Amino acid sequence: ALPAAGLRRRFGRELPQWLAQACGELPDPRPAFVFPAQFAQRLELPAKVADASMLQFAARRLLASLAGWLAARSAGVSACVLQLEHEDGLPPTEVRLAFAAPTAELARLERVLRERLAHCRLQAQVWRLCLGASSPEPLNARTLGLFGQEAALALAPVIERLRARLGPDAVQGLSTCADHRPECASRRLSETT
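These figures come from a predicted structure and were not determined experimentally. (Residues numbered from 1 in each chain as written. Predicted model: local features only at pLDDT ≥ 70, side-chain atom pairs only at ≥ 80, totals over all residues. Heavy atoms only, no water.)

### Overview of the overall build of the protein chain
- Secondary structure assignment for the protein chain yields 5 helices and 7 strands.
- Starting at the N terminus and ending at the C terminus, the protein chain contains elements arranged as α-α-β-α-β-β-α-β-β-α-β-β.
- Whereas a compact globule of 193 residues would reach a radius of gyration of roughly 16 Å, the protein chain reaches 25 Å, over 25% beyond that.
- Overall, the C-alpha framework of the protein chain stretches about 90 × 50 × 30 Å when taken along its three principal axes.
- Here the analysis covers contacts within the protein chain between residues at least 6 apart in sequence; of these, 65% occur between residues at least 24 apart.
- For the protein chain, the computed accessible surface area is about 12900 Å², with 55% contributed by carbon and sulfur atoms.
- Computed over 24 positive and 19 negative side-chain charges, the separation of the two mean positions in the protein chain equals 5 Å. (Helix = DSSP H or I, 4+ residues; strand = E, 2+ residues; numbered from the N terminus. Rg over C-alpha atoms; globule rule 2.2 N^0.38 Å. Contact = heavy atoms within 4.5 Å. Areas by Shrake-Rupley, 256 points an atom, 1.4 Å probe, with all protein chains shown as cover. Lys, Arg positive; Asp, Glu negative; His and termini not counted. Charge placed at Lys NZ, Arg CZ, Asp CG, Glu CD.)

### A few points about the pairing of strand β6 (residues 173-176)
- Going residue by residue along β6, you find G173 and S175 tucked away on one face and L174 and T176 left uncovered on the opposite face.
- Sheet analysis places β6 next to strand β7 (residues 186-189), joined by 4 bridges and oriented antiparallel. Residue T176 lies in a different strand from β7, and its bridge partner there is S186. (Buried < 20%, exposed > 50% of the residue type's maximum accessible area, 1.4 Å probe, protein only. Pairing = 2+ DSSP bridges.)

### Regarding the packing of aromatic side chains
- By the definition in use, this model includes 3 aromatic pairs.
- An angle of 20° between the planes, with centres 6.2 Å apart, marks the rings of F35 and W69 as stacked. Here the residue F35 occupies a position in the loop between α2 (14-23) and β1 (39-49), and W69 occupies one in helix α3 (residues 56-73), the gap between them amounting to 34 residues.
- For W69, a relative accessible area of 8% corresponds to the buried category.
- Measuring from centroid to centroid gives 5.6 Å for F39 and W69, while their planes differ by 50°, and the two rings are tilted. On the criterion of sequence distance, the pair formed by F39 in strand β1 and W69 in helix α3 is long-range, its members being 30 residues apart.
- On the accessibility criterion, F39 (8% relative accessible area) is buried. (Phe/Tyr/Trp six-rings, centres within 6.5 Å; stacked < 30°, edge-to-face > 60°.)

### Some words on the nonpolar core
- By size, the foremost hydrophobic cluster in this structure holds 32 residues, and its most contacted members are L55, L66, L82, L84, L97, L129 and L131.
- The set of elements that each furnish at least two residues to this core consists of β1, α3, β2 (75-86), β3 (93-103), α4 (106-118) and β4 (126-133).
- Considering each element in turn, this core owes the most residues, 8 residues, to α3.
- Ignoring sequence-local partners within four residues, the contact set of L82 consists of A59, L62, T93, E94, V95, L113, L129, C130 and L131. (Core = buried A, V, L, I, M, F, W, Y, C linked by side-chain atoms within 4.5 Å.)

### Remarks on the packing of helix α1 (residues 4-11) against α2
- The N-to-C vectors of α1 and α2 enclose an angle of 130°; their axes lie 7 Å apart at closest approach. Between α1 and α2, the angle falls in the class oblique. Residues A4, L7, R8 and F11 of α1 touch α2, and the partners they reach there are L15, P16 and L19.
- Across the contact of α1 with α2, the residue classes break down as 6 nonpolar, no polar and 1 charged. (Axes fitted to C-alpha atoms, helices over the stretch in contact; angles between N-to-C directions. Parallel < 35°, antiparallel > 145°, perpendicular 65-115°, else oblique. Nonpolar A, V, L, I, M, F, W, Y, C, P; charged D, E, K, R; others polar.)

### Digging into unusual backbone geometry
- The phi dihedral of S74 falls on the positive side, at around 55°, and the residue is not glycine.
- Counting through the fold element by element, S74 comes out in the loop between α3 and β2.

### A closer look at the confidence of the model for the protein chain
- Per-chain confidence: the protein chain averages 85 in pLDDT, with 90% of residues scoring 70 or above.
- At the level of individual helices and strands, the protein chain shows its lowest average pLDDT in helix α5 (residues 151-166), which scores 73, and its highest in β4, which scores 95. (pLDDT = per-residue confidence, 0-100.)

### Points about the packing of α3 against α4
- For the pair α3 and α4, interaxial distance at closest approach is 10 Å and the crossing angle is 145°. When the axes of α3 and α4 are compared, the crossing they make is right-handed. Across the interface between the two elements, Q56, A59, R60, L63, A64, L66 and A67 of α3 pack against L106, L109, E110, L113, R114 and L117 of α4.
- Tallied by class, the residues present in the contact of α3 with α4 amount to 9 nonpolar, 1 polar and 3 charged. (Left-handed = near helix turned anticlockwise from the far one by under 90°.)

Right, dumping it as structure tokens:
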């Protein structure tokens, strides 16, 4: 109810300006939200865990956050790293999740994590999980094939599951080379898409 001059004398010159911005009488320029370029989130466990398969429930919360972050960016990841931190000063155990094609689907992230944790041996009890993804890739819009899904997209979960179970070196692809000799017309690829 006081005039701006009276408010300025009593409370300083910032208060009338703030009130005018709050009422919409003056522009209120805010800095634009800068979306983080990399995903990094930590989760402290309520109790120490000695079995790697028991970490899946807690890691699901981190994966759900990652899926939300990716959905907001319209992006996917080909790989991410889950670090299992130990309290005894030991270096963290890294569980690398690799995918055949960039994905933002929570179900695919969980499936690969489940397979990787099933083969993980812990050196000590885990008290904190850290999930990081440093290189999101844009997800291109794809048209569906004759039966509702693209062949490469249908094959990607199978490749991911095989890599998680057998190891990344056990699953390889083939690429054609321009050579007239049949035995030299193809070569092995370590990354299959």
